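An overview of the molecular structure
Listed below are the residues making up each chain.
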Amino acid sequence: MTSDPILELYKHQFAIISLETTGISPQHGDHLVELAIQTVNWNGELLDSYETLIHPGIDVEGFQIHGITDSMVKNAPSVSEIVPDILSRLNGKTVVAHDLDFALRFLEPVLNGNLIKLQGICTLKLFNLVAPDSGLRRLEQLCTYYDIDISLRHS
């Protein structure tokens, strides 16, 4: 008898990731400046919390978006220094992110194929299925739409 994958979800752990960058394209020289990973179980219980600023190796741009400055990342680790932390928190988990494709564009080159397979849930795509005519896209807008408090977030 084969098991139903839906019935097995209670065994999953979810790694919810949020990141800040110097721009929108790692292929054009943009870098991570902050990464947060919260691991929860099926019941939403927090199992692990990880957050770090990252020294991008270049001047920080995008301050008006994320509020991170050069002085804030001056003593932060480089992305290569935190790869083991990232791998230990993502391997074997279902990754959840708002605009997962964007997050993976920055994470996959950093991890150099060290992840076995990233399975993920994109909250932006889910929202577009639920409310396709809303015109909303940004995470802050969606949280306001659903009356979700995000006052205790990173950055």
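Model, not experiment: these values are computed from the prediction.

Calculation notes
- Residues numbered from 1 in each chain as written.
- Predicted model: local features only at pLDDT ≥ 70, side-chain atom pairs only at ≥ 80, totals over all residues.
- Heavy atoms only, no water.
- Helix = DSSP H or I, 4+ residues; strand = E, 2+ residues; numbered from the N terminus.
- Buried < 20%, exposed > 50% of the residue type's maximum accessible area, 1.4 Å probe, protein only.
- Areas by Shrake-Rupley, 256 points an atom, 1.4 Å probe, with all protein chains shown as cover.
- Polar contact = N/O pair within 3.5 Å; in protein donor to acceptor, adjacent residues only side chain to side chain.
- Contact = heavy atoms within 4.5 Å.
- Phe/Tyr/Trp six-rings, centres within 6.5 Å; stacked < 30°, edge-to-face > 60°.
- Pairing = 2+ DSSP bridges.
- Core = buried A, V, L, I, M, F, W, Y, C linked by side-chain atoms within 4.5 Å.
- Expected span 1.5 Å × (residues − 1).

1. Focus: the overall build of the chain
Check the secondary structure of the chain and you find six helices and five strands. What you see in the chain, going N to C, is helices and strands ordered as β-β-β-α-α-α-β-α-β-α-α. Residues classed as buried in the chain amount to 36% of the 155 residues present. Surface exposure of the chain reaches about 9800 Å², of which carbon and sulfur atoms provide 54%.

2. Quick look at unusual backbone geometry
Backbone geometry at D99 places phi at a positive 60°, although glycine is not the residue there. Note on placement: D99 falls in the loop between strand 4 (94-97) and helix 4 (100-111).

3. A short note on the side chain of T22
Within the secondary structure layout, T22 lies in the loop between strand 1 (13-21) and strand 2 (32-41). For T22, a relative accessible area of 7% translates into the label buried. At a separation of 3.5 Å, a polar atom in the side chain of T22 contacts the side chain of D30. A polar contact of 2.8 Å, which involves the side chain of T22, links it to the backbone nitrogen of H31. What T22 contacts, discounting residues up to four positions off in sequence, is D30, H31, V33, P56, I58, D59, V60 and E61.

4. Observations concerning the packing of aromatic side chains
Tallying each qualifying case throughout the model produces two aromatic pairs. Taking the centre distance of 6.1 Å and the plane angle of 35° together, the rings of F14 and W42 count as tilted. Taken together, the positions of F14 in strand 1 and W42 in the loop between strand 2 and strand 3 (46-53) put the pair 28 residues apart, joining distant regions of the chain.

5. A few points about the pairing of strand 3
By the bridge criterion, seven bridges tie strand 2 to strand 3 in an arrangement that is antiparallel. Opposite T39, over in strand 3, you have D48 as the bridge partner. In this structure, the hairpin formed by strand 2 and strand 3 is closed by a connection of four residues, where G44 is found at a positive phi of approximately 85°.

6. Focus on the nonpolar core
Ranked by internal contacts, the top residues of the largest apolar core, which has 25 residues, are I17, L90 and L111. Breaking this core down by element, the ones donating at least two residues are strand 1, strand 2, helix 3 (79-90), strand 4 and helix 4. Of all the elements, helix 4 adds the most residues to this core, at eight residues. One finds V33, V60, I68 and V73 within the second-largest nonpolar core, a separate group that totals five residues.

7. A word on the pairing of strand 2
Among the ten residues that make up strand 2, nine are buried, leaving the element largely enclosed by the rest of the structure. Sheet topology note: the strand 1/strand 2 ladder contains nine bridges and is antiparallel. When the sheet's bridge partners are listed, L19 is paired in strand 2 with L35.

8. Remarks on helix 4
Counted at 1.5 Å a residue, the expected span for helix 4 with its twelve residues is 16 Å, and the 16 Å between its end C-alpha atoms agrees. Within helix 4, the full set of buried residues consists of L100, F102, A103, L104, F106, L107, V110 and L111. Following helix 4 by one or two positions, N112 adopts a phi angle in the positive range, close to 45°.

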